[in-house]
Amino acid sequence: MLQRFTARAVVVGDRAGTVVPDAVVDVEDGLIAWVGPAAEAPGAADARITALRGVLTPGLVNTHSHAPMVLFRGQGEGLPLDRWLREVMWPREARLTPEDVEVAMTAASAEMLRHGVTASVEMYFHPERIAAAVTATGARAVIANPLIGLPGFGSFDEQLDTALRLAAGAAGDGQVEYGIGPHSAYTVPLPVLTQAAEAARAHDLLLTVHVAETATEGDELLATSGASVPSLLAAHDVLGGRVLGAHCVHMDDGDLELWREYDAAVAHCPGSNTKLASGTARLRDMLDLGIRVGLGTDGPASNDNLDLFEDLRLAAQLARLRERDATALTAPEAFWLATGAAAAAIGREDLGQLTAGRRADLVHVDSDDIAFVPVGDADDLVTHLVWSVGSRHVRDTWVAGRQVVRDGVSTTVDEAALRADVQTRAMRLAGR
Ligand SMILES: [Zn+2]
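Because the structure is a prediction, the values reported are computed rather than measured.

## Focus: the overall build of the protein chain
For the protein chain, the helix and strand inventory stands at 15 helices and 17 strands. For 432 residues, the compact-globule estimate of 2.2 N^0.38 gives 22 Å, and the protein chain sits close to it at 21 Å. Taken over the C-alpha atoms alone, the protein chain extends approximately 65 × 45 × 45 Å along its principal axes. Considering the protein chain as a whole, with its 432 residues, one finds that 58% of them fall into the buried category. At a minimum sequence separation of 6, the contacts of the protein chain that also span at least 24 residues come to 72%. Accessible surface for the protein chain amounts to roughly 16,500 Å². Of this, 51% is attributable to carbon and sulfur atoms. Averaged over its 36 positive side-chain charges, the protein chain has a centre that lies 5 Å from the centre of its 59 negative ones.

Structure follows, in structure tokens:
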């Protein structure tokens, strides 16, 4: 059955910042069948019409998240990283059950959908529970099974086998996709990274790994090998295929050149990078080199929210400050980094833009608000989306044409009950 959405305007989510005023989006079988001006729309006598007063945008794509960490939001605030890990995070994660992960991910997924984020790349324990959570909320996820040397989580071989087993059993409907998530080059031995990358290429899986997040994390590897982490990854045959480096803050010219050469992508996480004082990534240089970049929130224990609207604004602010140039990142580019560019960064060209053939993940932003005034020409809508509008203006969200948020409320899960459940579980994990 054909669904027809009419809206004040459609923001396509491409690099140019294309806006279609007085627009129609036709959806059939979960895919976008047609997008364009209402005056040129094909006949649709039998269509179910949804008339929207506001702006339709693509569902935002969060390229780097550990969303079940909503259980640890705000905990250990103000501690330096080593004490935060030892005193706050590790004792809590040691008590974590699969059910904790599922409940937390369900709550976090509902939160993301309310913020207009319809897909996220998740790297966290108990991947099947993360899949169950997004199946409940109706969101999409690319779930990278973590490879990390922690007690209780098996050997690296077992973790890689789990990732491949899950990937082989996935439904292939584009809702849940599995990938491989070796934590980093400083926590996972290089031969394991090589093996993981070979497996990812063989099965066309996303391989996502933390890279150059802090200035000092690669020091030990540099001292023993004389090479930076990006050059070690290249030398160990890790960079070919669907590779997504998270953070990539401390990259020199040679490192960026490797990313360009191998067409590796970057999950840029400005919220986390500022909160944890990690540094400012070279976003303008990356884009000028043609490196694929998408925005990520990182985990809610280091951001502390899952609101990609904040990250896209911060990305523009930081790029401009870094370059001391108010043109260093345009508003259309900032919005594209959370939509079309983010989808490209994770190798999912079926997401991230409102164009025919892509999946019908739509966000209705209420434009009856002073934050959207004035509008001289249609391009002003994109400017406002980046600079004055926020997730608070998201009214409705659809994934594959199915409405999952209506008037700011999840249609699929009970957010109040989830909130209470997360609170109880978080206190138990804290040992209180
Ligand atoms: Zn991370």
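There is more to say after this.
## Describing the coordination of the zinc ion
The coordination sphere of the zinc ion, as far as protein atoms go, consists of His64 (NE2), His66 (NE2), His210 (NE2) and Asp298 (OD), spread over 2.1 to 2.7 Å. Relative to the metal, the four donor atoms surrounding the zinc ion lie at angles of 83 to 165 degrees, and the coordination shape comes out irregular. All donors of the zinc ion belong to a single chain; written as a sequence motif, their spacing is H-x1-H-x143-H-x87-D.

## Concerning the nonpolar core
In this structure, Ile180, Leu233 and Trp259 are the most contacted members of the largest nonpolar core, which totals 114 residues. Counting residues per element, this core draws most heavily on helix α2 (residues 98–114), which supplies nine residues. Formed by 15 residues, the second largest nonpolar core is a distinct cluster that contains Val20, Ala23, Leu362 and Trp398.

## Focus: the packing of aromatic side chains
Inspection of the entire model under this criterion finds four aromatic pairs. When the ring of Tyr124 is compared with that of Phe125, the centres are 4.9 Å apart and the planes differ by 55 degrees; the resulting orientation is tilted. Take Tyr124 and Phe125: they sit in the same class, and that class is buried. Relative to Phe153, the ring of Phe125 has its centre 4.1 Å away and its plane inclined at 20 degrees; by these criteria the two rings are stacked. Of this pair, Phe125 sits in the loop between β7 (117–123) and α3 (127–137) while Phe153 sits in the loop between β8 (140–147) and α4 (156–169), and the two are 28 residues apart along the sequence. On the basis of relative accessibility, which here comes to 8%, the residue Phe125 falls in the buried class.

## Some points on helix α11 (residues 308–323)
If you check α11, its first and last C-alpha atoms are 22 Å apart, about what 16 residues at 1.5 Å a residue would give, namely 22 Å. Two to three positions downstream of the cap, the backbone nitrogen of Phe309 sits 3.1 Å from a side-chain oxygen, assigning the N-cap of α11 to Asp307. Following α11 by one or two positions, Arg324 has its phi on the positive side, about 50 degrees.

## What to know about the pairing of strand β11 (residues 243–247)
Regular strands have side chains that alternate between both faces of the sheet. Of all five residues that make up β11, five are buried, and the element is covered over most of its length. Examined bridge by bridge, strand β10 (residues 207–211) and β11 share five bridges and lie parallel to one another. Its bridge partner being in β11, His210 is matched across the sheet by Ala246. Crossover handedness for the path β11 to helix α8 (residues 253–261) to strand β12 (residues 265–268): right-handed.

Criteria and thresholds
- Residues numbered from 1 in each chain as written.
- Predicted model: local features only at pLDDT ≥ 70, side-chain atom pairs only at ≥ 80, totals over all residues.
- Heavy atoms only, no water.
- Helix = DSSP H or I, 4+ residues; strand = E, 2+ residues; numbered from the N terminus.
- Rg over C-alpha atoms; globule rule 2.2 N^0.38 Å.
- Buried < 20%, exposed > 50% of the residue type's maximum accessible area, 1.4 Å probe, protein only.
- Contact = heavy atoms within 4.5 Å.
- Areas by Shrake-Rupley, 256 points an atom, 1.4 Å probe, with all protein chains shown as cover.
- Lys, Arg positive; Asp, Glu negative; His and termini not counted.
- Charge placed at Lys NZ, Arg CZ, Asp CG, Glu CD.
- Donors = N, O, S within 2.8 Å, 3.2 Å for Na, K, Ca; no water.
- Tetrahedral: all angles 85-135°; square planar, octahedral: opposite > 155°, others 65-115°.
- Core = buried A, V, L, I, M, F, W, Y, C linked by side-chain atoms within 4.5 Å.
- Phe/Tyr/Trp six-rings, centres within 6.5 Å; stacked < 30°, edge-to-face > 60°.
- Expected span 1.5 Å × (residues − 1).
- Polar contact = N/O pair within 3.5 Å; in protein donor to acceptor, adjacent residues only side chain to side chain.
- Pairing = 2+ DSSP bridges.
- Right-handed = clockwise from strand over helix to strand, strands pointing away.

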